[in-house]
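Breakdown of the fold
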Amino acid sequence: MTPKESAAAGLILPDESYALMGAAFEVYKELGPGFLEAVYEEALARELVTRNIPFRRQVPLVIHYKGCPLDKHYVCDLIVFDRIIVELKAIRCITDIDLAQTLNYLKATGHPLALILNFSAPGKLEWKRVVHTNA
């Protein structure tokens, strides 16, 4: 599906997601499975720089309670295009715990979209789109 077809299908941030996934597939093609998450994070950061895709690494996410920030915070792997949370994994498969963690990141930031990228799934780059709804 092209980015324009994705937009027509109602996907959130289709062009940005497409660009990000292209970079992720390039990292997977080059490194394959078996490395630690930190290796994939550094490689993906370098690929994003090469492609002129704006991002931030290891971003603290402030959680608010009744309008006040809590001392406890999350740290997400990447925020790309200032709107997409990227959670990197190097595990056998993405689990419900990973989805819950990513949903918490979306709630904390108010960003509309997250992508979980798992570089160690057998034989492929496993990925999931996670959308934040206010429901």
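Because the structure is a prediction, the values reported are computed rather than measured.

Attention shifts here to the packing of aromatic side chains. A complete count under the given rule lists three aromatic pairs for this structure. Judged by centre distance (4.5 Å) and plane angle (5°), the rings of Tyr 40 and Phe 119 are stacked. Residue Tyr 40 is located in helix H3 (residues 37-50), and its partner Phe 119 is located in the loop between strand E4 (113-118) and strand E5 (126-131); the two are separated by 79 residues in the primary sequence. Under the relative-accessibility criterion, Phe 119 is labelled buried at 0%. Here the aromatic rings of Tyr 74 and Tyr 105 are separated by 5.3 Å at their centres, their planes lie at 55°, and the arrangement is tilted. Of this pair, Tyr 74 sits in strand E2 (residues 68-80) while Tyr 105 sits in helix H4 (residues 96-109); the two residues are 31 residues apart in sequence, bridging distant segments of the chain. On the basis of relative accessible area, Tyr 105 is assigned to the buried category, the value being 4%. Feature note: the residues Phe 35, Tyr 40 and Phe 119 constitute an aromatic cluster, connected by ring pairs.

Taken in spatial order, the five strands of this open sheet run E1-E2-E3-E4-E5, and their pairing is mixed. Both edges of this open sheet fall to strand E1 (55-65) and E5, since each of them pairs with a single strand only. When strand polarity is set aside, the average angle formed by the axes of neighbouring strands in this sheet is 35°. The pairing of E1 with E2 spans nine bridges and is classified as antiparallel. Bridging from a neighbouring strand, Val 59 pairs with Cys 76 of E2.

Per-residue pLDDT for the protein chain has a mean of 91; in total, 92% of the residues score no lower than 70. For the protein chain, helix H1 (residues 3-8) is the element with the lowest average pLDDT, namely 49, and H3 is the one with the highest, namely 98.

Next up on the list: the environment of Ile 94. Assignment of secondary structure puts Ile 94 in the loop between strand E3 (84-89) and H4. Between the alpha carbons of Ile 94 and Trp 127 there is a distance of 8.0 Å; along the sequence they are 33 residues apart. If sequence neighbours within four positions are ignored, Ile 94 has contacts with Leu 99, Ile 116, Asn 118, Glu 126, Trp 127 and Lys 128.

Where nonpolar side chains cluster on the molecular surface, the patch consists of Phe 35, Leu 36 and Val 39 and spans about 280 Å² of accessible area. Inspection of the secondary structure assignment puts Val 39 in helix H3.

Time to look at unusual backbone geometry. Look at Asn 52: it is not a glycine, yet its phi comes out positive at around 55°. Mapped onto the fold, Asn 52 is located in the loop between H3 and E1. Positive phi, close to 55°, is recorded for Asp 82, a residue that is not glycine. Topologically, Asp 82 is positioned in the loop between E2 and E3. Owing to a relative accessible area of 52%, Asp 82 belongs among the exposed residues under this scheme.

Cut-offs and rules
Residues numbered from 1 in each chain as written. Predicted model: local features only at pLDDT ≥ 70, side-chain atom pairs only at ≥ 80, totals over all residues. Heavy atoms only, no water. Phe/Tyr/Trp six-rings, centres within 6.5 Å; stacked < 30°, edge-to-face > 60°. Helix = DSSP H or I, 4+ residues; strand = E, 2+ residues; numbered from the N terminus. Buried < 20%, exposed > 50% of the residue type's maximum accessible area, 1.4 Å probe, protein only. Pairing = 2+ DSSP bridges. Axes fitted to C-alpha atoms, helices over the stretch in contact; angles between N-to-C directions. pLDDT = per-residue confidence, 0-100. Contact = heavy atoms within 4.5 Å. Patch = residues over 30% accessible without salt bridge, like charges linked within 9 Å, V, L, I, M, F, W, Y side chains within 5 Å. Areas by Shrake-Rupley, 256 points an atom, 1.4 Å probe, with all protein chains shown as cover. Salt bridge = Lys/Arg side-chain N within 4 Å of Asp/Glu carboxyl O.

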